[in-house]
Amino acid sequence: MAENCREKIVSEDYVDFIWRVNQSVVDLEKQYPEYCIQVINTFYAVFYVDSQILERNQFQYNYEVFPSLYTLLENENLEESGIIRLLENSVLKLQGEGVIVGIIDTGIDYTNRCFRNMDGSSRILEIWDQTDQSGRLPQDISYGSIYTREEIDRALSLEDPFSAVPVRDESGHGTQLASIAAGSFDEDRGWSGAAPMAELAVVKLKPAKDYLKRYYMVRPEADAYQENDIMMGVRYLSDLAFREEKPLVICVALGSNRGGHEGNSPLSSILNMASGRSQRCILVAGGNEANQGHHFYGNLMQGQSYQEVELRVAEEEYGLMMELWSTTPDLLSISLISPAGEEIPRISSELGSRQYDFLFERTVVYIDFQSLDPSSGDEMIRIRMFAPSPGIWRLRVYGTRVIHGIYNIWLPVTGFISPGTLFPNSNPDITLTSPANAEGPITVAGYQVQNDSIYIASSRGYTRKGRIKPDIAAPGVKVSAFEPGDRFTTVTGTSAAAAIAAGAAALLLEWGVVRGNRPTMGTQEIKQLFIRGARRNPGELYPNRSWGYGALNLYDSFQLLGRFQ
């Protein structure tokens, strides 16, 4: 089945559906012999189906079955986080040894010296390249190719390593994260990753399929990755750690603005389950959306007939999708007015999914109502705009039934729309990207060490219904890293902050699991240790929307454990 499905899974002629299941893969294959099926866990499977099914049934699928698209979260530090003091501590001597650090991202330049031991051998345990269909399949996974440490070491001995192991990192983002979290000590620069002796396991994500980019109105050239491929990456890393019988840290530095920002997406569910396991630690970058103008917070007052929301669309915007979320039992309806004054009159959920073509403008608008989201029970209104005319659009929000009156609207994440497309009256709060709003993982914000201030773009909490996130802040401005080609660089963004925290988690797992001090240590215990040892400014109230519970200080976390005697 695996080889037969390999081409279909990556083919543009097949579409991907995330489906909730309660059957084994054998039972599913017997029940649906005509489909390729990839089981993620006991709750989710991915069905790969001939794309003609979409053309025949365009509006008959629920919102949640389509994989969300995620993008990269880009755009002195170890010492400030208390990590250098631990690396140099003569009693503990922690360096992440015996721990696997898993990176799900754009790949890795495995030839870089910061991923090698002193004898030149690789510290990379395994790479799963989802884009490469020429090599050996991972166990029980039907696409991509895996390359082991032995194969990487053989490749490194060749004049052209890529002739044997063709994994590359065209973006550089994954290489940067891996070097920050677990790069080897560099004597020439006096530089080190946070866990310089940890082993690395890397998932190189395949790019999103074109049909999903078209559906979400994302430019063809944008960096986009599918939710189901990230979910499969989590499963692959978990399976690898079980086989190796080693503790595992997973760092996810990708984000999406799709969903209700309450941590209910399929990817969030997978990460929540992984976070509940012992000897595992899941960390997620919070996102860089605070100052992008992509969130509007609305409040319909009693007696107010409607509230008008302005949306500024940049010149030559390819398209966009925005989502409006209310809170049960509220039900809302909308109308939309173009910059030229054309209007879609007030519509509500009774009309279902509709397409609107503007007479004097080339814009096409698709509006879908989901009055009862299966994960939250709330109403969601999705507005997709193809080739929206530049200028100020006006969205009028009406209360059909209002108790709370509060609603939120999100535009796509940075990278999926033009920089000038935004809400002029935006709100910087509730801007954590998915899956950073998931409850289980450690959500990491970014701050600037140079002046001890929160990074201006670092996404803010809390979740839409007020659950406290982020959990912790770590350095995220001008963080030193390696990029492909052994080049030294600096990285800014919550991706870098999450990578530092991932390295810190690896040091804790080495102390707790590898050395036998706390064999069942996992995400929740590490989260509490981070929070207890966090550095807090006297002038701030904690927790708060920007810093969570404060700035990461791993040295103080260990001091609270009394482990320096």
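Residues numbered from 1 in each chain as written. Predicted model: local features only at pLDDT ≥ 70, side-chain atom pairs only at ≥ 80, totals over all residues. Heavy atoms only, no water.

Caption draft 1: Representation of the overall build of the protein chain. Helices and strands together make up the secondary structure of the protein chain, namely 13 helices and 27 strands. Whereas a compact globule of 565 residues would reach a radius of gyration of roughly 24 Å, the protein chain reaches 24 Å, a difference of no more than 12%. Considered along the principal axes of its C-alpha atoms, the protein chain spans approximately 70 × 60 × 40 Å. Scored against the burial criterion, the 565 residues of the protein chain give a buried share of 62%. Accessible area for the protein chain stands at about 21700 Å²; split by element, carbon and sulfur atoms hold 46% of it. (Helix = DSSP H or I, 4+ residues; strand = E, 2+ residues; numbered from the N terminus. Rg over C-alpha atoms; globule rule 2.2 N^0.38 Å. Buried < 20%, exposed > 50% of the residue type's maximum accessible area, 1.4 Å probe, protein only. Areas by Shrake-Rupley, 256 points an atom, 1.4 Å probe, with all protein chains shown as cover.)

Caption draft 2: Geometry of the pattern of salt bridges. One pass over the full model with this rule turns up 22 salt bridges. For D239, the salt bridge goes to R235, with nearest N and O atoms at 3.2 Å. Taken together, the residues span about one helical turn, with D239 and R235 both in helix α9 (residues 227-244) at a distance of four residues. Taking the relative accessible area as the measure of exposure, D239 reaches 27% and is therefore partly exposed. What makes R235 buried here is its relative accessible area of 14%. (Salt bridge = Lys/Arg side-chain N within 4 Å of Asp/Glu carboxyl O.)

Caption draft 3: Main features of the state of the cysteines. Summed over the entire model, instances satisfying the criterion amount to one disulfide. C251 provides the cysteine sulfur closest to C114, a residue in no disulfide bond, and the two sulfurs are 15 Å apart. Residue classification places C114 among the buried residues on the basis of a relative accessible area of 3%. Free cysteine: C251, not disulfide-bonded; nearest cysteine sulfur from C281 at 10 Å. Note on C251: relative accessible area 0%, which makes it buried. (Disulfide = S-S within 2.5 Å.)

Caption draft 4: Layout of the sheet that holds strand β9 (residues 225-226). Taking strand neighbours across the sheet as the criterion, the three strands line up as β9-β4-β11 in an open arrangement whose pairing is antiparallel. Since the sheet does not close on itself, it has two edges, and those belong to β9 and β11 (254-255), each with one partner. Both strand β4 (residues 69-72) and β11 contribute to a ladder of two bridges, which runs antiparallel. Paired with T71 across the bridge in β11 is G255. (Pairing = 2+ DSSP bridges.)

Caption draft 5: Structural context of helix α12 (residues 523-533). Along α12, the positions that sit buried rather than exposed are T523, I526, K527, L529, F530, I531 and G533. Residues of α12 that are buried in the fold lie against α10 (266-275), β12 (280-285), β23 (442-448), β25 (472-475), α11 (494-514) and α13 (554-561). (Contact = heavy atoms within 4.5 Å.)

Caption draft 6: Representation of the sheet that holds strand β2 (residues 36-39) in the model. With antiparallel pairing, the three strands of this open sheet are ordered in space as β1-β3-β2. Looking along the sheet, the strands with just one partner apiece sit at the ends: β1 (14-20) and β2. Direction aside, neighbouring strands of the sheet carry axes that sit 25° apart on average. Pairing between β2 and strand β3 (residues 44-50): four bridges, direction antiparallel. Bridging across to β3, Q38 finds its partner in V46. (Axes fitted to C-alpha atoms, helices over the stretch in contact; angles between N-to-C directions.)

Caption draft 7: Geometry of the packing of aromatic side chains. For the coordinates displayed, the defined rule picks out 19 aromatic pairs. With a centroid separation of 5.9 Å and 55° between ring planes, the pair formed by F17 and F66 is classed as tilted. Taken together, the residues span a long stretch of sequence, with F17 in strand β1 and F66 in the loop between α3 (52-56) and β4 at a distance of 49 residues. On the accessibility criterion, F66 (5% relative accessible area) is buried. Centre to centre, the rings of Y215 and Y216 are 5.1 Å apart; their planes meet at 80°, and the pair counts as edge-to-face. (Phe/Tyr/Trp six-rings, centres within 6.5 Å; stacked < 30°, edge-to-face > 60°.)

Caption draft 8: Local environment of the nonpolar core. By size, the foremost hydrophobic cluster in this structure holds 73 residues, and its most contacted members are Y110, L283 and F530. Looking at this core, the element that brings in the most residues is α11, giving 15 residues. With residues near it in sequence (within four places) discarded, L283 still touches V249, I250, C251, V252, I442, V444, A501, A502, A505 and F530. Formed by 41 residues, the second largest nonpolar core is a distinct cluster that contains L72, I141, Y143 and M231. (Core = buried A, V, L, I, M, F, W, Y, C linked by side-chain atoms within 4.5 Å.)

Caption draft 9: Representation of α9 in the model. Taking 1.5 Å of rise per residue, 18 residues should cover 26 Å, and α9 covers 26 Å from first to last C-alpha, within 8% of that figure. Downstream of α9 by a residue or two, E245 has a phi angle that is positive, lying close to 55°. (Expected span 1.5 Å × (residues − 1).)

Caption draft 10: Fine view of the side chain of Q38. Mapped onto the secondary structure, Q38 falls in strand β2. Of the polar contacts made by the side chain of Q38, one reaches the backbone oxygen of D140; its length is 3.1 Å. (Polar contact = N/O pair within 3.5 Å; in protein donor to acceptor, adjacent residues only side chain to side chain.)

Caption draft 11: Main features of the packing of α11 against α13. Where α11 meets α13, the closest approach of the two axes is 11 Å, and the angle between their N-to-C directions is 25°. Relative to α13, α11 is oriented roughly parallel. Here α11 and α13 pass one another in a crossing that is right-handed. Contacts between α11 and α13 involve A504, L507, L508 and W511 from the former and L554, F558 and L561 from the latter. When its residues are assigned to classes, the contact of α11 with α13 shows seven nonpolar, no polar and no charged. (Parallel < 35°, antiparallel > 145°, perpendicular 65-115°, else oblique. Left-handed = near helix turned anticlockwise from the far one by under 90°. Nonpolar A, V, L, I, M, F, W, Y, C, P; charged D, E, K, R; others polar.)

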